[in-house]
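Secondary and tertiary structure notes
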Amino acid sequence: MNFNYIKGGVTAPKGFLASGIHCGLKKSNLKKDLALIYSEVPAAASGMFTKNKVKGAPISISKDHLSNKKAQAIIVNSGNANTCNGTDGLNKAKKMTCLQAKELNLKADDILVASTGVIGVPLNIDAIKSGIPLLTQKLSKEGHDDASSAIMTTDTVKKELALEFTIGDKVVTIGAMAKGSGMIEPNMGTMLSFITTDIAITPELLDEALKSCVKVTYNRVSVDGDTSTNDSVFILANGLAENNLISEKNEDYETFLKALTDLNTIMARNIAKDGEGATKLLECKISGAKTEEDASILGKSVINSPLVKTAMFGSDANWGRVLCALGYANINFDPEKVDVSFQSSKGELNVCKSGSSLDFDEDKAKEILSEDEIIIDINLNSGKYGAVIWGCDLTYEYVKINGDYRS
């Protein structure tokens with residue numbers, strides 16, 4: 001199955017435009033803080049949201065607007081999460097959709113809304129109101145770059161991607177942009193992801209595809225174990241590829257799901273790699289588990305361990321910390337069956353066999369663990385299931401960033 005990765009992010013699919021501007025939510029006028037994604041025709045739509053009991057106001061509004069399984073635009077602000085602001089927050093999130101709908105000559109429930117930034121600070125709706133006309137005016141095929149910049153908070157790099165593939169004789173395209181760097185333990189994290197596609201698919205199957213994809217991509221990322229209040233993933237499918245409508249789980253559906261999962265696996269890895277203060281992407285591969293859920297829980301326990309993360313930052317092959325993290329995950333497994341190795345572009349190092357130490361060269365270990373992408377490979381030798389979890393190391397810079405986040 002060949003997927004061709006292309007430029008263009010969320011505007012790569014037919015019929016999608018985007019824009020991003022500075023409206024005044026962020027102090028620096030050099031930083032964009034308001035983004036818009038727009039489909040020129042109505043689109044099937046689906047979304048997934050944080051499991052945190054404390055939720056941002058935009059989530060309530062977007063859930064309500066998705067009840068008809070349709071949408072045509074997404075407005076997003078950074079610099080303020082619009083969370084823990086009571087009725088004021090809900091009213092302002094709703095007003096964002098109303099103001100944007102008026103500019104686009106749509107209904108308010110055609111608009112989805114998302115916010116990211118500081119929690120517990122009232123949203124400056126006047127700044128957004130004054131910015132929406134320019135935001136709408138600047139919609140274009142080239143606007144994906146500004147849009148992906150406008151949703152960043154502590155991110156150090158923009159995260160956008162697009163790919164194309166064929167269904168029958170039609171070219172189908174999927175684009176995405178995301179933000180996420182800290183407060184990330186998806187189900188999902190301060191992680192926002194916006195996916196666009198021109199595929200023709202029923203809303204019901206679009207929803208199923210999104211859930212299947214998120215389960216093995218965004219929900220397998222953890223930067224610091226903090227589940228955010230505002231995590232959201234949206235997908236819009238406007239049908240302009242003109243493929244035969246996908247209305248059952250046939251070969252076309254499976255092709256779409258594979259493409260969607262491949263694209264968002266890369267997006268998820270990019271979020272983990274850009275973890276606040278991170279110097280290394282960590283990939284924990286669990287195999288030999290009794291269930292996939294067991295594998296996922298065990299992998300997250302390892303990725304979230306501050307001791308594992310700091311060992312990786314220091315290029316220290318302290319595999320005992322890995323077993324320790326497995327042991328407190330509250331999953332039944334036999335420690336005396338566990339094998340562990342560390343891998344990178346510099347090679348592979350077996351450090352643990354059947355729960356016991358193996359002799360290894362410390363200099364070789366340092367060389368392998370000094371790379372910027374590390375694989376922690378764990379075989380439980382107790383079943384046939386596995387999972388891959390992505391995270392990052394824990395550095396001095398993480399503390400510095402989060403020590404003065406509001407300032």
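Residues numbered from 1 in each chain as written. Predicted model: local features only at pLDDT ≥ 70, side-chain atom pairs only at ≥ 80, totals over all residues. Heavy atoms only, no water.

Here's the deal with helix 8 (residues 306–313)
Within helix 8, the full set of buried residues consists of Val-308, Lys-309, Ala-311 and Met-312. Each buried residue of helix 8 lies within a common arc of 160° when the element is viewed along its axis, so the set occupies one face. Just past helix 8, the residue Ser-315 takes up positive phi, approximately 55°. (Buried < 20%, exposed > 50% of the residue type's maximum accessible area, 1.4 Å probe, protein only. Helix = DSSP H or I, 4+ residues; strand = E, 2+ residues; numbered from the N terminus. Arc of directions from axis to C-beta.)

Focus: the packing of aromatic side chains
In the structure shown here, the tally under the stated rule is four aromatic pairs. Between Phe-49 and Phe-234, the aromatic rings sit 5.7 Å apart at their centres with planes inclined by 70°, giving edge-to-face as the arrangement. Placement of Phe-49 in strand 3 (residues 34–49) and of Phe-234 in strand 9 (residues 232–237) is noted, with a sequence separation of 185 residues between them. When sorted by exposure, Phe-49 lands in the same class as Phe-234, which is buried. In this structure an aromatic cluster arises from ring pairing among Phe-49, Phe-194 and Phe-234. (Phe/Tyr/Trp six-rings, centres within 6.5 Å; stacked < 30°, edge-to-face > 60°.)

Things to note about the pairing of strand 10 (residues 281–289)
In terms of burial, strand 10 is largely enclosed, as seven of its nine residues are buried. Across seven bridges, strand 10 lies against strand 14 (residues 373–379) in parallel orientation. The residue bridging Lys-285 from the neighbouring strand is Asp-377, located in strand 14. When strand 10 meets strand 15 (residues 385–392), the two strands line up antiparallel, connected through seven bridges. Among the inter-strand pairings, Leu-282 is bridged to a residue of strand 15, identified as Gly-391. (Pairing = 2+ DSSP bridges.)

With respect to the environment of Ala-289
Summarising the element assignment, Ala-289 is placed in strand 10. Its relative accessible area of 1% is what places Ala-289 among the buried residues. Those residues in contact with Ala-289 that sit more than four places away from it in its chain are Asp-294, Ala-295, Leu-380, Gly-383, Lys-384 and Tyr-385. (Contact = heavy atoms within 4.5 Å.)

Some thoughts on a negative patch on the surface
Taken together, the side chains of Asp-316, Asp-361, Glu-362 and Asp-363 present a region of like negative charge at the surface. Following the sequence through the fold, Asp-316 ends up in the loop between helix 8 and helix 9 (320–327). (Patch = residues over 30% accessible without salt bridge, like charges linked within 9 Å, V, L, I, M, F, W, Y side chains within 5 Å. Areas by Shrake-Rupley, 256 points an atom, 1.4 Å probe, with all protein chains shown as cover. Salt bridge = Lys/Arg side-chain N within 4 Å of Asp/Glu carboxyl O. Lys, Arg positive; Asp, Glu negative; His and termini not counted. Charge placed at Lys NZ, Arg CZ, Asp CG, Glu CD.)

Here's the deal with the domain arrangement of the protein chain
By domain assignment, the protein chain separates into domain 1 (4–274) and domain 2 (281–404). Interface area, domain 1 with domain 2, both sides summed: about 1,500 Å², of which 48% is carbon and sulfur. Taken as a group, Arg-220, Arg-269 and Lys-273 account for 46% of the area that domain 1 buries against domain 2, more than any other trio of residues on that side. At the surface where domain 1 touches domain 2, the tally comes to four salt bridges. In this structure, Glu-373 engages Arg-269 in a salt bridge whose closest nitrogen and oxygen atoms are separated by 3.1 Å. Taken together, domain 1 and domain 2 are joined by six residue pairs in polar contact (both at pLDDT 80 or more). For the side of domain 1 that touches domain 2, the secondary-structure elements that each account for two or more residues are helix 5 (203–216) and helix 6 (251–273). In terms of residue count, helix 6 provides more of the side of domain 1 that touches domain 2 than any other element does, five residues in total. Partitioning the side of domain 1 that touches domain 2 into residue classes produces six nonpolar, seven polar and six charged. (Domains from an automatic or database assignment. Buried area = accessible area lost by both parts, 1.4 Å probe. Polar contact = N/O pair within 3.5 Å; in protein donor to acceptor, adjacent residues only side chain to side chain. Nonpolar A, V, L, I, M, F, W, Y, C, P; charged D, E, K, R; others polar.)

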